[in-house]
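Coordinate inspection notes
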Amino acid sequence: MSVLPLVFTSGWASGINAYAVVLLLGIFGRTGLTDEVPASLQRTDVLIVAAVLFLCEAVADKIPYVDSLWDTVHTVIRPVSGAVVGALLAGQSGSLSDITAGAVGGTTALASHFVKAGTRMAINTSPEPFSNVAMSTAEDLGVGGIVTLAMFNPEAAAIICAVLLIIGLALLIYLWAKIRRYLRRRAQRREEKRLADEVARVAR
């Protein structure tokens, strides 16, 4: 079961930024820092694609409302990535079944994704863009730091991730009222845009 803390940590981080996880694990494996990373994650084409998508996310994740749209698109991608990475890590070590590792990685990624997406919805209720940039930067640094720590002390990294996940879920429950107001306003804007388009079409 020695790989379980790394699977849990990579799952949590995948829910925040799946591309950064793949990129970092691939680099750590490629440089020989760890033997836990499978060769499939160290391939040059995988690293290039992960790097490009990471840069795309780094930009999109700092723009108000665009970040929430990006999160919506990644509701499936992040948990799947967490499950796949977890299964690959388990297959490399042989200390945990692929199915169990995939379930742990995918479930953890889904939970942390909901925390991230919900927090962003709450932040987007504020008119200024600086909080989005600050939160996105903190998330990027946090993912980089926690994945790096997991290479040297996976148990400590897993404990930190568990604490952050619990705090995040509690915060999400607290912010749910603001999130609901945000969703109502977004739905209202969509309806107003639809009515405006209909009026313009009739006027033509």
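Notes on the structure in this doc start here. Not measured: the values here are computed from a predicted model. (Residues numbered from 1 in each chain as written. Predicted model: local features only at pLDDT ≥ 70, side-chain atom pairs only at ≥ 80, totals over all residues. Heavy atoms only, no water.)

A few points about the side chain of Ser 136
Residue placement: Ser 136 occurs in helix α5 (residues 130–152). Once residues within four sequence positions are removed from consideration, Ser 136 is found in contact with Ala 58, Asp 61, Lys 62 and Arg 120. (Helix = DSSP H or I, 4+ residues; strand = E, 2+ residues; numbered from the N terminus. Contact = heavy atoms within 4.5 Å.)

Observations regarding the side chain of Thr 108
In this structure, Thr 108 sits in helix α4 (residues 98–123). Taking the relative accessible area as the measure of exposure, Thr 108 reaches 7% and is therefore buried. A polar contact of 2.7 Å, which involves the side chain of Thr 108, links it to the backbone oxygen of Val 104. Apart from residues no more than four positions distant in its own chain, Thr 108 is found in contact with Phe 8, Gly 11, Trp 12 and Leu 165. (Buried < 20%, exposed > 50% of the residue type's maximum accessible area, 1.4 Å probe, protein only. Polar contact = N/O pair within 3.5 Å; in protein donor to acceptor, adjacent residues only side chain to side chain.)

What to know about helix α1 (residues 4–30)
Compared with the 39 Å implied by 1.5 Å per residue over 27 residues, the 21 Å span of α1 between its first and last C-alpha is markedly short. The largest bend in α1 comes to about 130°, at Asn 17. Burial within α1 is extensive, with 22 of its 27 residues counted as buried. Two residues or fewer past α1, Gly 32 is found with a positive phi of approximately 80°. (Expected span 1.5 Å × (residues − 1). Bend = angle between axes of the 7 residues up to and from the residue.)

Examining the nonpolar core
Residues Trp 12, Ala 13, Leu 25, Val 143, Ile 146 and Val 147 are the most contacted members of the largest nonpolar core, which totals 31 residues. When residues of this core are traced back to their parent elements, those giving at least two are α1, α2 (44–60), α3 (66–93), α4, α5 and α6 (154–174). Ignoring any residue separated from it by four or fewer positions in sequence, one finds Leu 25 in contact with Val 37, Leu 41, Val 85, Val 147 and Met 151. Core analysis: the second largest hydrophobic core is formed by six residues, Met 121, Ala 122, Leu 172 and Leu 175 among them. (Core = buried A, V, L, I, M, F, W, Y, C linked by side-chain atoms within 4.5 Å.)

Focus on a positive patch on the surface
Judged by side-chain charge, Arg 180, Arg 181, Arg 184, Arg 185, Arg 189 and Arg 190 come together as a positively charged surface patch. Secondary-structure assignment places Arg 190 in helix α7 (residues 176–203). A relative accessible area of 56% means that Arg 190 is categorised as exposed. (Patch = residues over 30% accessible without salt bridge, like charges linked within 9 Å, V, L, I, M, F, W, Y side chains within 5 Å. Areas by Shrake-Rupley, 256 points an atom, 1.4 Å probe, with all protein chains shown as cover. Salt bridge = Lys/Arg side-chain N within 4 Å of Asp/Glu carboxyl O. Lys, Arg positive; Asp, Glu negative; His and termini not counted. Charge placed at Lys NZ, Arg CZ, Asp CG, Glu CD.)

Some details on the pattern of salt bridges
All chains considered together, the criterion is met by ten salt bridges. Between Asp 71 and Arg 78 there is a salt bridge, and its shortest N-O distance comes to 2.9 Å. Asp 71 sits in the buried class, given a relative accessible area of 2%. Relative accessible area serves as the criterion here: at 0%, Arg 78 is assigned to the buried category.

Section: the packing of α1 against α6
Where α1 contacts α6, the axes come no closer than 8 Å and their chain directions differ by 40°. The pairing of α1 with α6 is recorded here as oblique in orientation. α1 and α6 meet at a crossing whose hand is left-handed. Mapping the contact onto sequence places Pro 5, Leu 6, Phe 8, Thr 9 and Trp 12 in α1 and Pro 154, Glu 155, Ala 157, Ala 158, Cys 161, Ala 162, Leu 164 and Leu 165 in α6. Its residues assigned to classes, the contact of α1 with α6 shows eleven nonpolar, one polar and one charged. (Axes fitted to C-alpha atoms, helices over the stretch in contact; angles between N-to-C directions. Parallel < 35°, antiparallel > 145°, perpendicular 65-115°, else oblique. Left-handed = near helix turned anticlockwise from the far one by under 90°. Nonpolar A, V, L, I, M, F, W, Y, C, P; charged D, E, K, R; others polar.)

These figures come from the coordinates and say nothing about function on their own.
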